[in-house]
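Below are the chains, spelled out letter by letter.
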Amino acid sequence: MNSGQLRERLQSRVDAVRERLARAAEASGRHPEDVTLVAASKTQPDAMIAAAFDCGVRHFGENRPEELARRHRVPDLAERPIHWHLIGPLQSRKLKLLPPNLTLIQSVDRLKTARLLANTGLRAETPVPILLQVNPAGEASKQGVALDAALPMAEAISQMAGLAPRGLMAMTPLGANETELQALFAAVRAELRRIQTSLAVPGWTELSMGMSQDFEPAVREGATIVRIGTSLFGPRAD
């Protein structure tokens, strides 16, 4: 496939995802612009990311700090004003690999990690923007704090001067049906509201939830960020 064909196929997928996202947003009484599309670019070649940017995608999410750091060194990507997100697990020992000025670290779920990021923000005199990752279904295979532990964690994070907490991130079980998904997404939204009410501090407005298989019910339940991989790029080559 030549570059022109790649761009044409990718543009078609981007347009289809944006159309689905728009319908879901309008069904919840919101504008499509209220929802940020983050392209989950794990394992995708650099040329695919550049092509997606040229198709109008501006936010990209990577799972691994070392891959984020490598992408930042690629000239063809560095010259584009890409908003980079970390959407995968973050181990404390890999914090030093994170490139500066990330748009959002979406996967903070431990106080130790939060404290280390806060120290980074204090040294740089720029608070680090993060989301608190929750695990609404209590899956042992997924990261994230339990919903009933989110408020105490949010309280602790909000007191760390080097952090800029923005909200919550959640993942749901593969194979969950529409009713189950709606209930899980609604529970995450309710928890964010509880945090907002209890803390009454700036921030805590973002809900990152929804992937290729479930982003429409997520948007209908209030998602402000969706993380889309397969629907944009096709099956992942792990």
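That block above? That's the structure.
Figured I'd write up the structure that's included with this text.

So, about unusual backbone geometry. Excluding glycine, residues mostly have negative phi values, and the peptide bonds linking residues are mostly trans. For Glu125, which is not glycine, the phi torsion reads 60° and is therefore positive. Mapped onto the fold, Glu125 is located in the loop between helix H5 (111-124) and strand E5 (128-134). Despite not being glycine, Trp204 shows a phi value in the positive range, around 55°. Within the secondary structure, Trp204 sits in the loop between helix H7 (178-199) and strand E7 (206-209). A relative accessible area of 1% means that Trp204 is categorised as buried.

So, about helix H6 (residues 150-158). Within the span of H6, buried status applies to Ala150, Leu151, Met153, Ala154 and Ile157. Projection of H6 onto a plane perpendicular to its axis shows the buried side chains occupying an angular sector of 160°, all on one side. Next to the buried residues of H6 lie H5, E5, strand E6 (163-170) and H7.

This part takes up the environment of Ala24. By the secondary structure assignment, Ala24 is in helix H1 (residues 3-27). Residue Ala24 is classed as buried on the basis of its relative accessible area, which comes to 3%. For the pair formed by Ala24 and Gln11, sequence separation is 13 residues and the distance between their alpha carbons is 20 Å.

Right, let's talk about the pattern of salt bridges for a bit. As enumerated under the stated definition, the model contains 16 salt bridges in all. Taking the shortest distance from any N to any O, the salt bridge between Asp54 and Arg80 comes out at 3.0 Å. Highlighted residues: Asp54 in helix H2 (residues 46-54) and Arg80 in the loop between helix H4 (75-78) and strand E3 (83-86), separated in sequence by 26 residues. For Asp54, a relative accessible area of 37% corresponds to the partly exposed category. A salt bridge links Glu67 to Arg71; its shortest N-O distance comes to 3.5 Å.

Ranked by size, the top nonpolar core spans 67 residues in total, and within it Phe60, Ile105 and Leu117 carry the most contacts. Per element, the largest residue contribution to this core is seven residues, and it comes from H1. Discounting chain neighbours no more than four positions away, the residues touching Phe60 are Val38, Ala39, Ser41, Ile49, Ala52, Phe53, Ile82, His83, Trp84, His85 and Phe233. Of all hydrophobic cores here, the second largest spans five residues; its members include Val38, Leu104, Leu131 and Met169.

Taken as a whole and assessed by the stated rule, the structure comprises one aromatic pair. Residues Phe60 and Trp84 carry aromatic rings whose centres are separated by 5.9 Å and whose planes lie at 45° to one another, so their mutual orientation is tilted. Taken together, the positions of Phe60 in strand E2 (residues 59-62) and Trp84 in strand E3 put the pair 24 residues apart, joining distant regions of the chain. Residue Phe60 shares its accessibility class with Trp84, and that shared class is buried. Above the ring of Phe53, the side-chain terminus of Arg58 is found at 3.9 Å from the ring centroid.

Taken together, the buried positions of H2 are occupied by Met48, Ile49, Ala50, Ala51, Ala52 and Phe53. As for H2, its buried residues are in contact with H1, E2, helix H3 (65-72), H4, E3 and helix H9 (230-233). Positive phi shows up at Gly56, right after H2, with a value of about 105°.

Here is what the cut-offs are and how they apply
Residues numbered from 1 in each chain as written. Predicted model: local features only at pLDDT ≥ 70, side-chain atom pairs only at ≥ 80, totals over all residues. Heavy atoms only, no water. Helix = DSSP H or I, 4+ residues; strand = E, 2+ residues; numbered from the N terminus. Buried < 20%, exposed > 50% of the residue type's maximum accessible area, 1.4 Å probe, protein only. Arc of directions from axis to C-beta. Contact = heavy atoms within 4.5 Å. Salt bridge = Lys/Arg side-chain N within 4 Å of Asp/Glu carboxyl O. Core = buried A, V, L, I, M, F, W, Y, C linked by side-chain atoms within 4.5 Å. Phe/Tyr/Trp six-rings, centres within 6.5 Å; stacked < 30°, edge-to-face > 60°. Lys NZ or Arg CZ within 6 Å of the ring centre and 35° of its normal.

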